[in-house]
Amino acid sequence: MPTGKLAKWQILLNEFDIVHITHKAIKGKPLADHLTENPVDGDYEQLTTYFPDEEVLFAGEDIAESYLGWRMFFDGAKYFKGVGIGVVLISKSGQHYPSSAKIRFLCTNNMAEYEACILGIRMAVDMNSKELSVIGDSDLLIHQVQGKWSTKNIKILSYMHCVKAL
């Protein structure tokens, strides 16, 4: 039974047949799938939305405005139905190249992150980009590739060498 403000809202909104479903979090795989299914075309206008807590949630430099070269955003996610990876490659001119794939072998979440990073770097190499800023949410992958953290897992070690070679 809802109580407090939620109960008041339910009473007020009951006449409109609105159903409220609480979502716990946005996962990387659905976001990557959405970007792949909705490619950006010439009529694309950048969304300008005010986020009141933007300063609190933001860490690091704002690469959207300061970096003029190629950029790559990647994410890998393991979920109950399998493993998915997603990449968005952004050219110097601002053209977006999204890609996603489903991994059909058993792997860990960290391996999925590496697979997504490798997919994106290979896309950038195929498009002859000479300089690439790689952005991902996996601290493990970023710090291992930068050499700040050591790699003990043999499977992850081969992924790390592949990323460095690319």
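Residues numbered from 1 in each chain as written. Predicted model: local features only at pLDDT ≥ 70, side-chain atom pairs only at ≥ 80, totals over all residues. Heavy atoms only, no water.

(A) Expanded view of the overall build of the chain. Helix and strand content of the chain: seven helices and four strands. Residue pairs at least 24 apart in sequence account for 59% of intrachain contacts in the chain once pairs closer than 6 positions are excluded. Summing over all exposed atoms, the chain offers an accessible surface of approximately 12600 Å²; the carbon and sulfur share of this is 57%. (Helix = DSSP H or I, 4+ residues; strand = E, 2+ residues; numbered from the N terminus. Contact = heavy atoms within 4.5 Å. Areas by Shrake-Rupley, 256 points an atom, 1.4 Å probe, with all protein chains shown as cover.)

(B) Main features of the nonpolar core. Met72, Phe74, Leu89, Tyr114, Cys117 and Val163 are the most contacted members of the largest nonpolar core, which has 23 residues in total. For this core, the secondary-structure elements that each account for two or more residues are β1 (70-79), β2 (82-90), α5 (109-126) and α7 (154-165). In terms of residues, this core owes the most to one element, α5, which gives nine residues. Apart from residues no more than four positions distant in its own chain, Val163 is found in contact with Tyr114, Cys117, Ile118, Ile121 and Val145. (Core = buried A, V, L, I, M, F, W, Y, C linked by side-chain atoms within 4.5 Å. Buried < 20%, exposed > 50% of the residue type's maximum accessible area, 1.4 Å probe, protein only.)

(C) Expanded view of the sheet that holds strand β4 (residues 132-136). As summarised here, the arrangement of the four strands in space is β3-β2-β1-β4, forming an open sheet in which the pairing is mixed. Edge positions in the sheet fall to β3 (96-103) and β4, since each has one partner strand and no second. Pairwise comparison of adjacent strand axes, ignoring direction, gives a mean angle of 15° for this sheet. As judged from the eight bridges shared by β2 and β3, these two strands associate in the antiparallel manner. Considered in β3, the bridge of Val83 is made with Ile103. Its contacts with the sheet put α5 on β1, β2, β3 and β4, and the angle it makes with β1 is roughly 150°. (Pairing = 2+ DSSP bridges. Axes fitted to C-alpha atoms, helices over the stretch in contact; angles between N-to-C directions.)

(D) Representation of the confidence of the model for the chain. Averaged over every residue, the pLDDT of the chain is 79; the share at 70 or more is 70%. In the model of the chain, helix α3 (residues 54-57) stands out as the element of lowest mean pLDDT, 47, in contrast to α5, which has the highest, 94. Low pLDDT (under 50) marks residues 54-61, which in the prediction has one contact with non-local residues, meaning those over four places away or in another chain. (pLDDT = per-residue confidence, 0-100.)

(E) Spatial organisation of the environment of Gln146. Checked against the element boundaries, Gln146 lands in helix α6 (residues 139-146). Spatially, the C-alpha atoms of Gln146 and Met160 are 9.8 Å apart, while their sequence positions differ by 14 residues. A distance of 3.3 Å separates polar atoms of two side chains, one belonging to Gln146 and the other to Lys148. (Polar contact = N/O pair within 3.5 Å; in protein donor to acceptor, adjacent residues only side chain to side chain.)

(F) Summary view of the packing of aromatic side chains. In this structure the tally under the stated criterion is two aromatic pairs. Seen from their ring centres, Trp70 and Tyr97 are 6.3 Å apart, and the 15° between their planes marks the pair as stacked. With a gap of 27 residues between them, Trp70 in strand β1 and Tyr97 in strand β3 connect regions that are remote in the sequence. A ring pair is formed by Tyr114 and Tyr159, whose centres lie 5.9 Å apart and whose planes are at 25°; its orientation type is stacked. Linking Tyr114 in helix α5 with Tyr159 in helix α7, this pair joins segments that are 45 residues apart in sequence. The buried category is assigned to Tyr114, whose relative accessible area is 0%. A residue is classified by how much of its surface remains accessible, and Tyr159, at 12% relative accessible area, is buried. (Phe/Tyr/Trp six-rings, centres within 6.5 Å; stacked < 30°, edge-to-face > 60°.)

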